[in-house]
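What the coordinates show
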Amino acid sequence: ILVRKDKQKRLRGLDFACGVGRHAILFEEFQIDAFGVDVSKIAIDKAKKNASFFNFERLEESFSVLETNELPFENNFFDFSVAESCLDSMTFENAKTFFKELIRVSSDYVYLSLIASDDKNPVGETILKTEHERDTIQCFFNENKIKELIDDISCRLVYFKKISETSEMDKSSESRFYCVFKK
């Protein structure tokens with residue numbers, strides 16, 4: 001369980017690749033000091049507007065555009081970090097770099113979800129051709145690829161689950177791995 005030892009201070013969480021700030025806003029609703037980073041200035045501007053809409057003025061200043069492969073925070077700055085559906089939308093080498101950075105800036109836990117490979121999408125990277133993701137990278141994972149992701153990084157896997165879902169509307173299916181790592 002994640003509880004601050006010093007009860008006078010609030011927990012701090014990072015919403016990595018935060019997009020429009022949904023997770024960071026949720027953190028704030030639970031009285032967790034949230035920070036968000038994303039490579040898209042447009043997404044960060046929208047996240048700031050969303051924070052303002054929900055009256056989280058402090059949060060507006062806690063969103064920033066990520067311009068390098070290094071997170072702009074000190075070691076162990078956060079109690080935990082969340083990387084929801086993002087490390088699988090980049091090259092595997094970048095995912096490994098960012099995972100290492102997430103472990104560096106988090107004192108306790110890192111949560112991530114990764115798209116799983118299947119018969120249609122083998123392990124590895126592909127360039128997507130679908131309308132809304134045209135020409136973007138999709139990296140598919142299996143258990144061995146996740147082991148490779150965390151290889152030589154000081155952490156341990158404390159939660160691991162694969163969930164598969166099928167859409168009744170278009171009969172498409174997707175599987176994701178949900179992982180929590182403890183430093």
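See above for the structure.
To start, this report covers the structure provided alongside it.

As a further point, take the overall build of the protein chain. If you tally the helices and strands in the protein chain, you get 5 helices and 9 strands. Walking the protein chain from its N terminus toward its C terminus, one meets helices and strands in the order β-α-β-α-α-β-β-α-β-β-β-α-β-β. Put simply, the protein chain has 183 residues, and 43% of those count as buried. Across the protein chain, contacts joining residues at least 24 apart in sequence account for 65% of those joining residues at least 6 apart. Just so you have it, the protein chain exposes about 10800 Å², and 50% of that area is on carbon and sulfur atoms.

Of all the 6 residues making up strand E4 (residues 78-83), 6 are buried; the element is thus mostly covered by neighbouring parts of the structure. When strand E1 (residues 12-16) meets E4, the two strands line up parallel, connected through 3 bridges. The residue bridging leucine 14 from the neighbouring strand is serine 81, located in E4. With 5 bridges connecting them, E4 and strand E5 (residues 106-115) associate as parallel partners. Directly across from phenylalanine 80, in E5, lies its bridge partner tyrosine 109. Of the crossover connections in this fold, the one passing from E4 over helix H4 (residues 92-105) to the parallel E5 is right-handed.

Counted residue by residue, E1 has 4 buried out of 5 residues, so it is predominantly covered. As paired strands, E1 and strand E2 (residues 33-38) are joined by 5 bridges and run parallel to one another. Looking across to E2, one finds that glycine 13 is bridged to alanine 34. In this region the chain leaves E1, passes through helix H1 (residues 22-29) and returns to the parallel neighbour E2; the handedness of that crossover is right-handed.

Inspection of the entire model under this criterion finds 10 salt bridges. We note a salt bridge from aspartate 108 to lysine 182, for which the minimum N-O separation is 3.7 Å. One end of the pair, aspartate 108, is in strand E5; the other, lysine 182, is in strand E9 (residues 173-182), and 74 residues separate them in sequence. Of the residues examined, aspartate 108 reaches a relative accessible area of 17% and is grouped as buried. For the salt bridge of arginine 176 with glutamate 174, the shortest nitrogen-to-oxygen distance reads 3.6 Å. Look at arginine 176 and you get buried, because its relative accessible area is 9%.

What counts, and where the lines are drawn
Residues numbered from 1 in each chain as written. Predicted model: local features only at pLDDT ≥ 70, side-chain atom pairs only at ≥ 80, totals over all residues. Heavy atoms only, no water. Helix = DSSP H or I, 4+ residues; strand = E, 2+ residues; numbered from the N terminus. Buried < 20%, exposed > 50% of the residue type's maximum accessible area, 1.4 Å probe, protein only. Contact = heavy atoms within 4.5 Å. Areas by Shrake-Rupley, 256 points an atom, 1.4 Å probe, with all protein chains shown as cover. Pairing = 2+ DSSP bridges. Right-handed = clockwise from strand over helix to strand, strands pointing away. Salt bridge = Lys/Arg side-chain N within 4 Å of Asp/Glu carboxyl O.

All we've got here are geometric facts, nothing functional implied.
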